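Examination of the molecular architecture
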Amino acid sequence: MNTLILSKNRSLSKSRPYEWTMQLLGSMWFMLLALCVAIRVGSFADPWPSLLSSFCLAIFYMLLALLILTRSPAKAHADGIMPRIAAFVGSYMPWTISFFGKTDEALPNLLSTGCVLIGLVMMLVTIRHLGRSFSLVPQARSVVQTGPYRWIKHPLYFAEEIVIVGVVLQYLTPVTVLVLVLHIGVQVCRILYEEDLLRRTCPEYSSYEASRWRLVPYVW
């Protein structure tokens, strides 16, 4: 019975209607966040450092929504429910920080702007080489080895963490710092799930991963 259910889930996960539904739902979340931030920016009620950091964050949310909508079909999906839970939590949990109370202090907001801009530029450079292979749950499309992928295996995760640090600086409390720590732990799990899938699906991945760092050169 379990084998039959798993087989049906695999068939469903590979169907185009399922893929389109997941793309639409995933992008709508980030569009909602972008709208909420845009409304705050449009009110001009906050000091300019706060408005600047919020504006950069709204652009980042719209970019994520666009990436989800335009990604290409996957060759394979990770088995089991845990990779999907990790992907869901890792993708959406940190952005709930935007619903916490925002600081109006200039320094944290300026630092936040710097982090968001750096992460945004890194993401754009990475996407230039990644193309439409972007995904949230562990999926296999192709092994990209150009651009930042020449040095680390997961530059998009690295760029995302920089942006999230910027978001935490906007909403700096012990709770948001805890969310950041939990998110990093979940992202590590996502990386391991993704690597396992690529290792089993793409023969060229084993030789590629042997000569690259995962996230931070000379650290991990």
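What counts and what doesn't
Residues numbered from 1 in each chain as written. Predicted model: local features only at pLDDT ≥ 70, side-chain atom pairs only at ≥ 80, totals over all residues. Heavy atoms only, no water. UniProt positions renumbered as here; feature names shortened; annotations may be inferred. Helix = DSSP H or I, 4+ residues; strand = E, 2+ residues; numbered from the N terminus. Buried < 20%, exposed > 50% of the residue type's maximum accessible area, 1.4 Å probe, protein only. Areas by Shrake-Rupley, 256 points an atom, 1.4 Å probe, with all protein chains shown as cover. Core = buried A, V, L, I, M, F, W, Y, C linked by side-chain atoms within 4.5 Å. Contact = heavy atoms within 4.5 Å. Salt bridge = Lys/Arg side-chain N within 4 Å of Asp/Glu carboxyl O. pLDDT = per-residue confidence, 0-100. Patch = residues over 30% accessible without salt bridge, like charges linked within 9 Å, V, L, I, M, F, W, Y side chains within 5 Å. Expected span 1.5 Å × (residues − 1). Axes fitted to C-alpha atoms, helices over the stretch in contact; angles between N-to-C directions. Parallel < 35°, antiparallel > 145°, perpendicular 65-115°, else oblique. Nonpolar A, V, L, I, M, F, W, Y, C, P; charged D, E, K, R; others polar.

The chain is annotated in an unreviewed UniProt entry as Protein-S-isoprenylcysteine methyltransferase from Bradyrhizobium iriomotense. According to its UniProt record, the chain has this under Subcellular location (unreviewed entry): "Endomembrane system".

1. Notes on the overall build of the chain
On a plain count of helices and strands, the chain comes out with 8 helices and 2 strands. Beginning at the N terminus, the succession of helices and strands in the chain can be written as α-α-α-β-α-α-β-α-α-α. The proportion of buried residues among the 220 residues of the chain is 47%. As displayed, the chain has an accessible area near 11300 Å², and 73% of this comes from carbon and sulfur atoms.

2. Quick look at the nonpolar core
Phe30, Phe60, Tyr61, Trp95 and Met123 are the most contacted members of the largest nonpolar core, which has 39 residues in total. Every element with two or more residues in this core is listed here: helix H2 (16–43), helix H3 (48–70), helix H5 (106–130), helix H6 (155–170), helix H7 (174–201) and helix H8 (205–209). The leading source of residues in this core is H3, at 10 residues. Residues in contact with Met123, not counting those within four places in the same chain, are Phe60, Leu63, Leu64, Leu67, Leu156 and Ala159.

3. Considerations on the pattern of salt bridges
Inspection of the entire model under this criterion finds 6 salt bridges. Glu209 is the partner of Lys153 in a salt bridge, and the nearest nitrogen-oxygen pair spans 3.6 Å. Of the two residues, Lys153 is situated in the loop between strand S2 (139–140) and H6 and Glu209 in helix H8; the sequence distance between them amounts to 56 residues. Exposure class is identical for Lys153 and Glu209. Each is buried. Arg199 is the salt-bridge partner of Glu209, the closest N and O atoms lying 2.7 Å from each other. Of this pair, Glu209 sits in helix H8 while Arg199 sits in helix H7, placing them 10 residues apart in sequence. Given the relative accessible area of 17%, Glu209 is considered buried.

4. Let's talk about the confidence of the model for the chain
Here the chain averages 77 in pLDDT, and 82% of its residues register 70 or above. No element of the chain has a lower mean pLDDT than helix H1 (residues 2–14), which averages 40, and none a higher one than H6, which averages 89.

5. Section: a nonpolar patch on the surface
There is a patch of nonpolar side chains on the surface, built from Leu24, Leu25, Met28, Met31, Met62 and Leu69 and spanning about 540 Å² of accessible area. Among the secondary structure elements, those contributing two or more residues to the nonpolar patch are H2 and H3. Examining the composition of the nonpolar patch, we find that 4 residues originate from one element, H2, more than from any other. Along the chain, the position of Met31 falls in helix H2. You can call Met31 partly exposed: its relative accessible area is 35%.

6. Side note on the UniProt feature "transmembrane region" (unreviewed entry) in the chain
Here the UniProt-annotated "transmembrane region" (unreviewed entry) positions come out as residues 20–42, 48–69, 81–100, 106–127 and 162–186. As annotated, residues 48–69 has a helix share of 100% and a strand share of 0%, and its two end C-alpha atoms lie 32 Å apart. A distance of 31 Å separates the end C-alpha atoms of residues 106–127, which is 100% helix and 0% strand.

7. Digging into H7
Taking 1.5 Å per residue, 28 residues should reach 40 Å; H7 reaches 41 Å between its end C-alpha atoms and fits that length. For H7, the complete set of buried residues consists of Thr176, Val179, Leu180, His183, Val186, Gln187, Arg190, Ile191, Glu194, Glu195, Leu197 and Leu198.

8. Points about the side chain of Thr113
Counting through the fold element by element, Thr113 comes out in helix H5. For Thr113, the contacting residues outside a window of four places in its chain are Pro49, Leu52, Ser53 and Cys56.

9. Quick notes on the packing of H6 against H7
For any two helices packed against each other, one specifies the inter-axial angle together with the distance between the axes. Here H6 crosses H7 at 170 degrees, and the two axes come no closer than 11 Å. Comparing their axes, H7 and H6 come out roughly antiparallel. Of the residues in H7, those touching H6 at Tyr157, Glu160, Glu161, Ile164, Val165 and Val168 are Thr176, Val177, Leu180, His183, Ile184, Gln187, Arg190, Ile191 and Glu194. Residue classes in the contact of H6 with H7 are distributed as 8 nonpolar, 3 polar and 4 charged.

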